[in-house]
Amino acid sequence: MLIRTEGIVLKTFEYGDADLIATYFTKDHGVLKGFVKGARKFKSRFGSSVEPLTHANLSFLGKENTQLPKVTRSDILNSFQTLREDLATLLAIASVINLLIHLLQEKEPNSRKYDLFLAALKTLEQAENRDVVCLVFRIKFLWMAGYGPRVAECGCCGTRFKGSFGLFYPSYGSLLCRACASKYAQQTATRLGSAAIKFFGQAKSLRFGHILTLRPETATLIEVQNVLNLHISHLTGKKP
Ligand SMILES: [Zn+2]
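On a predicted model such as this, the values are computed, not experimentally measured, just so you know.

The rules behind these values
- Residues numbered from 1 in each chain as written.
- Predicted model: local features only at pLDDT ≥ 70, side-chain atom pairs only at ≥ 80, totals over all residues.
- Heavy atoms only, no water.
- Helix = DSSP H or I, 4+ residues; strand = E, 2+ residues; numbered from the N terminus.
- Contact = heavy atoms within 4.5 Å.
- Domains from an automatic or database assignment.
- Buried area = accessible area lost by both parts, 1.4 Å probe.
- Donors = N, O, S within 2.8 Å, 3.2 Å for Na, K, Ca; no water.
- Tetrahedral: all angles 85-135°; square planar, octahedral: opposite > 155°, others 65-115°.
- Buried < 20%, exposed > 50% of the residue type's maximum accessible area, 1.4 Å probe, protein only.
- pLDDT = per-residue confidence, 0-100.
- Lys, Arg positive; Asp, Glu negative; His and termini not counted.
- Salt bridge = Lys/Arg side-chain N within 4 Å of Asp/Glu carboxyl O.
- Patch = residues over 30% accessible without salt bridge, like charges linked within 9 Å, V, L, I, M, F, W, Y side chains within 5 Å.
- Areas by Shrake-Rupley, 256 points an atom, 1.4 Å probe, with all protein chains shown as cover.
- Core = buried A, V, L, I, M, F, W, Y, C linked by side-chain atoms within 4.5 Å.
- Axes fitted to C-alpha atoms, helices over the stretch in contact; angles between N-to-C directions.
- Parallel < 35°, antiparallel > 145°, perpendicular 65-115°, else oblique.
- Nonpolar A, V, L, I, M, F, W, Y, C, P; charged D, E, K, R; others polar.
- Expected span 1.5 Å × (residues − 1).

1. Points about the overall build of the protein
Here's step 1: The number of helices and strands found in the protein is nine helices and nine strands.
Here's step 2: Seen through its principal axes, the protein has C-alpha atoms that stretch 60 × 35 × 30 Å.
Here's step 3: Pairs at least 24 apart in sequence give 61% of the contacts found in the protein among residues at least 6 apart.

2. Things to note about the domain arrangement of the protein
Here's step 1: Per the domain assignment, the segments of the protein are domain 1 (2-126) and domain 2 (130-236).
Here's step 2: Here the C-alpha centroids of domain 1 and domain 2 sit 30 Å apart.
Here's step 3: Contacts between domain 1 and domain 2 engage 22 residues on the former and 16 residues on the latter.
Here's step 4: Across the domain 1 to domain 2 interface the summed buried area is about 1900 Å²; carbon plus sulfur atoms make up 82%.
Here's step 5: Broken down residue by residue, the surface that domain 1 buries against domain 2 is led by L99, L103 and L116, which jointly contribute 32%.

3. Here's the deal with the coordination of the zinc ion
Here's step 1: Of the protein atoms, only C154 (SG), C157 (SG), C177 (SG) and C180 (SG) coordinate the zinc ion, at distances of 2.3 Å.
Here's step 2: Its four donor atoms give the zinc ion angles of 103 to 115° at the centre, a pattern that matches the tetrahedral case.
Here's step 3: Sequence positions of the residues that donate to the zinc ion give the spacing C-x2-C-x19-C-x2-C. Linking C157 in the loop between β6 (150-154) and β7 (165-169) with C177 in the loop between β8 (174-176) and α6 (178-184), this pair joins segments that are 20 residues apart in sequence.
Here's step 4: The exposure class of C157 is partly exposed, given its relative accessible area of 42%.

4. Details of the confidence of the model for the protein
Here's step 1: For the protein, mean pLDDT is 91; residues scoring 70 or higher make up 98% of the total.
Here's step 2: Considering each helix and strand of the protein separately, the mean pLDDT is smallest for helix α1 (residues 45-48), with a value of 79, and largest for strand β4 (residues 55-61), with 96.

5. A closer look at the side chain of K113
Here's step 1: As for its position among the elements, K113 is in helix α4 (residues 111-126).
Here's step 2: It turns out K113 is buried and unbridged, and the closest side chain with the opposite charge, E108, is 5.7 Å from it.

6. What to know about a nonpolar patch on the surface
Here's step 1: A contiguous nonpolar patch, built from L87, L90 and L91 and spanning about 310 Å² of accessible area, is present on the exposed surface.
Here's step 2: Looking at the secondary structure, you find L91 in helix α3 (residues 87-103).

7. Some remarks on the nonpolar core
For soluble globular proteins, the rule of thumb is that nonpolar side chains tend to be buried together.
Here's step 1: In terms of nonpolar packing, the biggest core is built from 49 residues, with L100, F117, F137 and F199 touching the most fellow members.
Here's step 2: Among the secondary structure elements, those contributing two or more residues to this core are β1 (2-15), α3, α4, α5 (130-144), α7 (194-205), α8 (208-211) and α9 (218-236).
Here's step 3: Looking at this core element by element, the count peaks at nine residues for α5.
Here's step 4: Here this core spans two domains, and each of domain 1 (2-126) and domain 2 (130-236) adds at least three residues to it.
Here's step 5: Ignoring any residue separated from it by four or fewer positions in sequence, one finds F199 in contact with V132, L135, V136, I139, P216, T220, L221 and V224.
Here's step 6: Judged by nonpolar contacts, the second largest core, of 13 residues, contains A22, V36, A39 and A56.

8. Here's the deal with the packing of α5 against α7
Here's step 1: Put simply, α5 and α7 touch, their axes get as near as 8 Å, and they point 75° apart. Put simply, α5 runs roughly perpendicular to α7. Residues V132, L135, V136, I139, K140 and W143 of α5 touch α7, and the partners they reach there are F199, F200, A203, K204 and S205.
Here's step 2: Grouping the constituent residues of the contact of α5 with α7 by class yields eight nonpolar, one polar and two charged.

9. Describing α4
Here's step 1: Compared with an ideal rise of 1.5 Å per residue, which puts 16 residues at 22 Å, α4 spans 23 Å between its outermost C-alpha atoms and is within 8% of the ideal.
Here's step 2: Turning to α4, its buried residues are K113, Y114, L116, F117, L118, A120, L121, T123 and L124.

10. A short note on unusual backbone geometry
Here's step 1: The phi angle at L53 is positive, at roughly 85°, despite the residue not being glycine.
Here's step 2: Assignment of secondary structure puts L53 in the loop between α1 and β4.
Here's step 3: A residue is classified by how much of its surface remains accessible, and L53, at 2% relative accessible area, is buried.
Here's step 4: With a phi angle near 60°, K107 is a residue other than glycine that sits in the positive phi range.

See below:
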């Protein structure tokens, strides 16, 4: 089996004294793991091409249906080095990578999601507010994957949201109107103001470049982040 595709390193795992197991998000084959022999042995271009977030042209070689093919070629297309130099950026990107690893299936191609991730990394390199780019990526990715939080209307009756704030119920993945909330919801809800609701809509529909021209209030971003983390933690069964 020989696979040629481009991909982005999501994470790596040290193996033995000199080798690595790398998890890639590839354009044509979804998530793929590869064995990278000698990657840590010396400071080579091949070794640096396995740094997390590196975008590279790749070849995988192995027996048919092997779980761990060998990476035989890794030519850097974009190192995204500047993203690895800043701790705050790395922390923000960690939330993105966790979401990708949780929601993507191994060996299931999805070039639209791949293109969205690559666009996000390219935008991050240019962006001043990298937190916002990571936040917007997570919202876009969830919608693309079919798990977007419903914040424009009531998740039970479909009544469109009106007013200065709504109540978001993580267990429903949705806002509920007051009538439905009183009938169905037992759990506590989180307040989501109209500016935060508007930001969710913009993040879903606008291109990254356009979103960076928006200047939401910090309080709005905190509300969006809070609801998104609750939503994702309910989806994945993990703490925010
Ligand atoms: Zn309702």
